Amino acid sequence: MKKLILTFALFGITFLTKAQVFEQGGKNANIGLTTGYGLGVFASVDYGYTDVISLGVSGSFSSKNYGSILNDFRVNYLTINARGAAHLGKFIKSDNLDLYVGVSPGYRNVSIKNEYSSYYGGADGGVYLGLFAGGRYKLNDKLTFYVEGGTPISSLGLSFKF
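Residues numbered from 1 in each chain as written. Predicted model: local features only at pLDDT ≥ 70, side-chain atom pairs only at ≥ 80, totals over all residues. Heavy atoms only, no water.

### Focus on the side chain of D98
Then step 1. Here D98 is to be found in strand β5 (residues 97–114).
Then step 2. On the basis of relative accessibility, which here comes to 2%, the residue D98 falls in the buried class.
Then step 3. At 2.9 Å, the side chain of D98 forms a polar contact with the side chain of H87.
Then step 4. A polar atom in the side chain of D98 sits 2.9 Å from the side chain of R136. (Helix = DSSP H or I, 4+ residues; strand = E, 2+ residues; numbered from the N terminus. Buried < 20%, exposed > 50% of the residue type's maximum accessible area, 1.4 Å probe, protein only. Polar contact = N/O pair within 3.5 Å; in protein donor to acceptor, adjacent residues only side chain to side chain.)

### Some remarks on the nonpolar core
Then step 1. One finds Y37, F42, F73, V75, Y77, A85, Y100, V110, Y128, F132, Y146 and I153 forming the largest nonpolar core, which totals twelve residues.
Then step 2. For this core, the elements supplying multiple residues, two or more each, are β4 (73–87), β5 and β6 (122–138).
Then step 3. In contact with I153, not counting residues within four places along its chain, are T34, G36, Y37, F42, S60, T79 and Y128. (Core = buried A, V, L, I, M, F, W, Y, C linked by side-chain atoms within 4.5 Å. Contact = heavy atoms within 4.5 Å.)

### A word on the pattern of salt bridges
Then step 1. For the coordinates displayed, the defined rule picks out seven salt bridges.
Then step 2. Residue D51 is joined to K90 by a salt bridge in which the shortest nitrogen-to-oxygen separation is 3.3 Å. With D51 in the loop between β2 (40–48) and β3 (53–65) and K90 in the loop between β4 and β5, the pair connects residues that are 39 residues apart, well separated along the chain.
Then step 3. For D51, a relative accessible area of 37% translates into the label partly exposed.
Then step 4. Between R83 and E148 there is a salt bridge, with the nearest N and O atoms lying 2.7 Å from each other. Linking R83 in strand β4 with E148 in strand β7 (residues 143–151), this pair joins segments that are 65 residues apart in sequence.
Then step 5. Linked through salt bridges whose partners overlap, the residues forming this network are D46, R83, D98, R136 and E148. (Salt bridge = Lys/Arg side-chain N within 4 Å of Asp/Glu carboxyl O.)

### Observations regarding the confidence of the model for the protein
Then step 1. Per-residue pLDDT for the protein has a mean of 83; in total, 81% of the residues score no lower than 70.
Then step 2. Confidence drops under pLDDT 50 across residues 3–20; counting only partners more than four residues distant or on other chains, this segment forms 35 contacts. (pLDDT = per-residue confidence, 0-100.)

### Section: the pairing of strand β8 (residues 155–161)
Then step 1. Judged from the seven bridges that link them, strand β1 (residues 27–34) and β8 form a sheet pairing that is antiparallel. The residue bridging A29 from the neighbouring strand is F160, located in β8.
Then step 2. Inspection of the sheet shows β7 paired to β8 by six bridges, in the antiparallel sense. Paired with V147 across the bridge in β8 is L156.
Then step 3. Connecting β7 to the antiparallel partner β8 that follows it, the hairpin turn spans three residues. (Pairing = 2+ DSSP bridges.)

### Points about a nonpolar patch on the surface
Then step 1. A cluster of nonpolar side chains, L33, L39, V41, F61, L78 and I80, forms an exposed patch at the surface whose accessible area comes to about 510 Å².
Then step 2. Judged by its relative accessible area of 56%, I80 falls in the exposed class. (Patch = residues over 30% accessible without salt bridge, like charges linked within 9 Å, V, L, I, M, F, W, Y side chains within 5 Å. Areas by Shrake-Rupley, 256 points an atom, 1.4 Å probe, with all protein chains shown as cover.)

Put into structure tokens, the structure is as follows:
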């Protein structure tokens, strides 16, 4: 699975030289795979507040099994956060390029399921501050491929302009 994700990431980086230019008033919905806490799903919505700044919300769910033959130990992660990004289109002149960096303060809920023992189980959560950098490649006027690297979550997928 790691090779598949790496292949998609390299594919995205290869084509980032032709990504969409960010616009004030533009709205994008991203849907993709995340690799922050195991393989999962990621979704976000962004609005172009100015010609450089976008604001939005995002969320993700991922799950990772740490179990063995004797113990089924699974950790589930749910994140919900706000996000703000600075788009670099004013500094990188291209009809198709949208590179950005951003911050994503949010809340993370962690639940642990252990079939073997009740000692390790339950839930926890807390506030965190995430950082990310990414880019979009324009496939057509309404659809782009995106790649975001960050902490604690990285993702890749499709972005829909609406």
